[in-house]
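Observations on the model geometry
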Amino acid sequence: MDIYLDANATTPVLPAAARAAQQAMGDDFGNPSSVHSTGLKARALIDGVRARAARLLDAGSGRLLFTSGATEGIQTAVLSALVALRGGSARALLYGATEHKAVPEALRHWNSLLGLNLEILAIPVDALGRHDLDFLRQHAPQAGLVCTMAANNETGVISDLAGIAAVLADSPALWLVDGVQALGKLPLKLSQTRIDYAPFSGHKLYAPKGVGLLYVRDGAPFTPLMAGGGQEGALRSGTENMAGIAGLGAVLQALEEGGTFRSHAELSVMRQQLLAALKDALPGLVLNVALDGSLPTTLNFAVPDVPSRLLQDLFDAGGVRVSGGSACSAAKAAPSFVLEAMGLPEWQAAGAVRLSIGPATDAALVDEGCTRIRACGEALRRHGPQHGPWCEDPGAMNGDLGDCRIVIGSQLPDFLKLHDDLVLIDVREPYEHALPLPPVFASMQVQAVPMNCLGTSAQAWLNEGRPLLFFCRSGNRSRQAAQALAGMGHDQSWTLAGGLALLPELEAAPDPALYV
Ligand code: PLP
């Protein structure tokens with residue numbers, strides 16, 4: 001079982017949502033614009049989901065339109081506001097320094113494309129991640145649009161929307177509030193606020209990817225992003241994503257009826273449980289964000305002298321999925337701009353790990369997560385970089401790279417049968433070796449050879465001439481290792497493409513006796 005603790009990146013689809021989506025792709029496949037009965041059924045579905053969303057968000061006389069997700073909702077809101085600002089007296093566009101990239105990028109894109117060339121200013125945040133209201137007070141009179149989020153995706157910090165609203169009370173600025181991380185976690189009574197635009201995303205709350213909602217206050221300027229057949233009351237053309245909307249509808253139904261999602265208090269208890277396991281596993285752990293004032297579903301921390309990427313890989317090897325910040329920037333090693341904006345020291349911003357649960361997380365998953373987190377801590381203590389040898393730069397390989405051979409996970413059982421003289425070589429870090437291996441490798445002897453020690457074993461492998469199968473977690477290191485051996489003239493040098501990550505379920509910890 002995967003212990004998925006990265007809900008702020010995306011969530012699994014709720015079974016009821018998957019069933020609803022399936023129904024909308026099966027028997028109820030109609031186009032809501034058709035006037036026959038099949039179409040009328042689809043229309044009833046979409047109207048029902050919209051009405052439910054309106055009740056849940058207290059949208060009042062505001063409009064709710066279905067989008068492909070929050071990025072589209074943000075584009076639509078920014079475009080709408082900026083078109084309305086053309087020729088006006090506004091001089092600046094403001095956004096919170098910790099907003100999701102979609103916001104500043106949309107501001108820059110449409111500001112330049114529409115030729116407004118307004119000044120774009122980031123509202124600083126304090127060490128707790130809260131917007132600097134004095135800065136906002138100073139710039140609000142000249143602002144045409146203010147963008148702030150309800151809760152942050154990396155830190156879970158909850159914005160002081162009431163404080164922002166008070167500062168904006170006399171400002172003519174339009175106000176966009178990114179509600180993505182707040183949906184299902186914080187009460188949102190949109191019609192009781194002066195919020196003009198609020199985008200939401202289905203896949204952050206157990207609906208399928210590719211569906212979202214945009215709230216537009218009654219009277220707020222609107223320009224469609226997409227023109228065409230006039231769907232969504234001509235606010236957003238294009239045949240509706242009925243499977244996504246049906247899935248989102250099932251999630252909203254669960255929210256409205258209760259019983260599926262956990263309360264703030266229950267989630268806080270789960271977070272405390274996870275934090276206790278993390279502290280046991282990683283002595284010296286420092287929280288990057290105070291628990292008070294952040295969503296009870298998010299933990300963000302760093303460990304002195306332990307790189308974020310090492311912790312992510314360690315947890316991944318242990319069957320626990322976490323991230324280093326936002327999923328969009330996970331592949332980049334740059335420090336978190338969100339934590340930098342909060343003024344955290346560089347080591348904390350660069351070493352950040354985010355662990356996030358969703359409101360439907362069950363207690364058994366948290367219990368198992370805690371067990372595995374402690375096992376990861378033990379693996380790190382016993383085999384961590386302090387014990388060496390450890391390869392900080394797996395890319396640093398000497399010699400020519402040759403064309404290695406590739407085996408994919410589904411072929412692995414047959415491949416192993418065919419090559420009974422195979423040498424199986426684990427090029428993961430030593431602290432990953434104590435963590436689970438796939439059943440297919442059960443009872444096989446494994447040579448553990450870190451990347452920077454390949455040279456030591458290479459001559460023996462070449463002399464023996466037995467086929468070699470390198471494996472690692474993602475398939476990157478093993479490819480480099482296999483290529484290096486191929487470059488040295490080994491003609492049976494194989495890599496497990498995609499690594500352990502693409503194999504089915506991993507088993508319990510391997511027998512250390514099988515590691516040589
Ligand atoms: N806003 C926030 C706060 C997010 O966390 C995300 C997704 O990471 C987005 C916007 C973009 O959402 P979507 O993936 O639906 O485009």
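The structure this text deals with has already been given above.
First things first, this report covers the structure right here in the doc. (Residues numbered from 1 in each chain as written. Predicted model: local features only at pLDDT ≥ 70, side-chain atom pairs only at ≥ 80, totals over all residues. Heavy atoms only, no water.)

This part takes up the sheet that holds strand E12 (residues 353-356). Taken in spatial order, the 3 strands of this open sheet run E9-E10-E12, and their pairing is antiparallel. Of all strands in the sheet, those with a lone pairing partner are strand E9 (286-287) and E12, marking the two edges. Helix-sheet contacts for helix H8 (residues 264-281) involve E9, strand E10 (298-302) and E12, and the interaxial angle to E10 is about 20 degrees. (Pairing = 2+ DSSP bridges. Helix = DSSP H or I, 4+ residues; strand = E, 2+ residues; numbered from the N terminus. Contact = heavy atoms within 4.5 Å. Axes fitted to C-alpha atoms, helices over the stretch in contact; angles between N-to-C directions.)

So, on to the packing of aromatic side chains. Counting across every chain of the model gives 4 aromatic pairs. Plain terms: the ring middles of Phe441 and Phe471 are 5.0 Å apart, the flat faces sit at 40 degrees to each other, and that makes the pair tilted. Of this pair, Phe441 sits in the loop between strand E14 (423-426) and strand E15 (446-448) while Phe471 sits in strand E16 (residues 468-471); the two residues are 30 residues apart in sequence, bridging distant segments of the chain. We note that Phe441, like Phe471, is buried. (Phe/Tyr/Trp six-rings, centres within 6.5 Å; stacked < 30°, edge-to-face > 60°. Buried < 20%, exposed > 50% of the residue type's maximum accessible area, 1.4 Å probe, protein only.)

Our next topic: the packing of helix H2 (residues 37-57) against helix H7 (residues 242-257). Direction vectors running N to C along H2 and H7 enclose 40 degrees, while the axes themselves pass 9 Å from each other. As summarised for this structure, H2 and H7 are arranged oblique, according to the angle between their axes. The handedness of the crossing between H2 and H7 comes out as left-handed. Between H2, through Ala42, Leu45, Ile46, Val49, Arg52, Ala53, Arg55 and Leu56, and H7, the contact on the second element is made entirely by Met242, Ile245, Ala246, Gly249, Leu252, Gln253, Leu255 and Glu256. The residue inventory of the contact of H2 with H7, partitioned by class, reads 11 nonpolar, 2 polar and 3 charged. (Parallel < 35°, antiparallel > 145°, perpendicular 65-115°, else oblique. Left-handed = near helix turned anticlockwise from the far one by under 90°. Nonpolar A, V, L, I, M, F, W, Y, C, P; charged D, E, K, R; others polar.)

Side chains of strand E17 (residues 493-496) alternate between two faces, with Ser493 and Thr495 and Trp494 and Leu496 buried alike. Relative to E17, strand E13 (residues 405-407) runs parallel, the two sharing 3 bridges. Bridge assignment links Arg405 to a residue of E17, and that residue is Trp494. Bridge count between E16 and E17: 3 bridges; the pairing is parallel.

In this section: the site of the ligand. Near the ligand the following residues occur: Gly69, Ala70, Thr71, His100, Met149, Asn153, Asp178, Val180, Gln181, Ser201, His203 and Lys204. Interatomic distance of 2.5 Å between a side-chain N/O atom of Thr71 and an oxygen atom of the ligand. When the ligand sits alone it has 400 Å² of accessible area, and the protein chains cover 87% of it. Broken down by class, the residue content of the shell around the ligand amounts to 3 nonpolar, 7 polar and 2 charged. (Near = heavy atom within 4 Å. Polar contact = N/O pair within 3.5 Å; in protein donor to acceptor, adjacent residues only side chain to side chain. Areas by Shrake-Rupley, 256 points an atom, 1.4 Å probe, with all protein chains shown as cover.)

This part covers the environment of Leu314. For Leu314, the location among the structural elements is in helix H9 (residues 308-317). Once residues within four sequence positions are removed from consideration, Leu314 is found in contact with Cys376, Ala379, Leu380, Tyr431 and Leu435.

With that settled, consider the side chain of Thr155. Assignment of secondary structure puts Thr155 in the loop between strand E5 (143-149) and helix H6 (161-168). Of the residues examined, Thr155 reaches a relative accessible area of 2% and is grouped as buried. Once residues within four sequence positions are removed from consideration, Thr155 is found in contact with Val289, Ser294, Thr298, Asn300, Val338, Leu339 and Met342.

A few words on the pattern of salt bridges. Side chains bearing opposite charge may pair, as long as their charged atoms lie close to each other. All told, the structure shown has 23 salt bridges when counted by the stated rule. Across the pair Glu72 and Arg236 runs a salt bridge whose closest N-O atoms are separated by 2.7 Å. Here Arg236 lies in the loop between strand E8 (212-216) and H7 and Glu72 lies in helix H3 (residues 70-85), a separation of 164 residues in the sequence. Side by side, Glu72 and Arg236 carry an identical accessibility label, which is buried. Between Arg382 and Glu378 there is a salt bridge, with the nearest N and O atoms lying 3.2 Å from each other. Of this pair, Arg382 and Glu378 both sit in helix H12 (residues 363-383), 4 residues apart, roughly one helical turn. Taking the relative accessible area as the measure of exposure, Arg382 reaches 48% and is therefore partly exposed. Counted as one network, the salt bridges with shared partners bring together Asp2, Arg309, Asp313, Asp316, Arg321 and Arg473. (Salt bridge = Lys/Arg side-chain N within 4 Å of Asp/Glu carboxyl O.)

Moving on, we get to helix H14 (residues 454-464). All of the buried residues along H14 are Leu454, Ser457, Ala458 and Trp461. Projected down its long axis, H14 carries its buried residues within an arc of 125 degrees, all on one side. Those residues of H14 that are exposed and aimed more than 90 degrees away from the buried face are Gly455, Thr456 and Asn463. At its buried positions, H14 is contacted by E14, E15, E16 and helix H15 (476-487). Gly465, located one to two residues past H14, shows a positive phi value of around 70 degrees. (Arc of directions from axis to C-beta.)

Below, the discussion takes up the environment of Gly229. As for its placement among the helices and strands, Gly229 is situated in the loop between E8 and H7. Exposure remark for Gly229: the relative accessible area of 66% places this residue in the exposed category. For the pair Gly229 and Thr239, spaced 10 residues apart in sequence, the C-alpha separation works out to 8.0 Å.

Turning to the nonpolar core, a few remarks are in order. One finds Leu136 and Val146 to be the most contacted residues of the largest nonpolar core, which totals 52 residues. Considering every element that reaches this core, the biggest residue donor is H7, with 7 residues. With residues up to four places along the chain from it excluded, the contact list for Leu136 reads Leu94, Ile123, Val146, Ile164, Val167 and Leu168. (Core = buried A, V, L, I, M, F, W, Y, C linked by side-chain atoms within 4.5 Å.)

Ordered by their spatial adjacency, 5 strands build an open sheet running E13-E17-E16-E14-E15, and the pairing between neighbours is parallel. The open sheet is flanked by E13 and E15, the only strands paired with a single partner. Here the average twist between neighbouring strands, direction ignored, is 30 degrees. The sheet contacts of H15 involve E16 and E17, and relative to E17 the element is tilted by about 175 degrees.

Next up on the list: helix H1 (residues 15-25). When H1 is considered as a whole, its buried residues turn out to be Ala17, Ala21 and Ala24. Mapping the buried residues of H1 onto a view down its axis gives an arc of 60 degrees, with all of them on the same face. Residues Pro15, Arg19 and Gln22 are exposed on H1 and point more than 90 degrees away from its buried face.

This next bit is on the packing of H8 against H12. Packed helices, taken two at a time, are described by their axes: the angle between them and the distance between them. As a packed pair, H8 and H12 sit with axes 8 Å apart at the nearest point and diverge in direction by 15 degrees. Put simply, H8 runs roughly parallel to H12. The crossing of H8 and H12 is right-handed. Across the interface between the two elements, Met270, Gln273, Leu274, Ala276, Ala277, Leu278, Asp280 and Ala281 from H8 touch Ala363, Val366, Asp367, Cys370, Ile373, Arg374, Gly377 and Arg381 from H12. Considered class by class, the residues forming the contact of H8 with H12 number 10 nonpolar, 2 polar and 4 charged.

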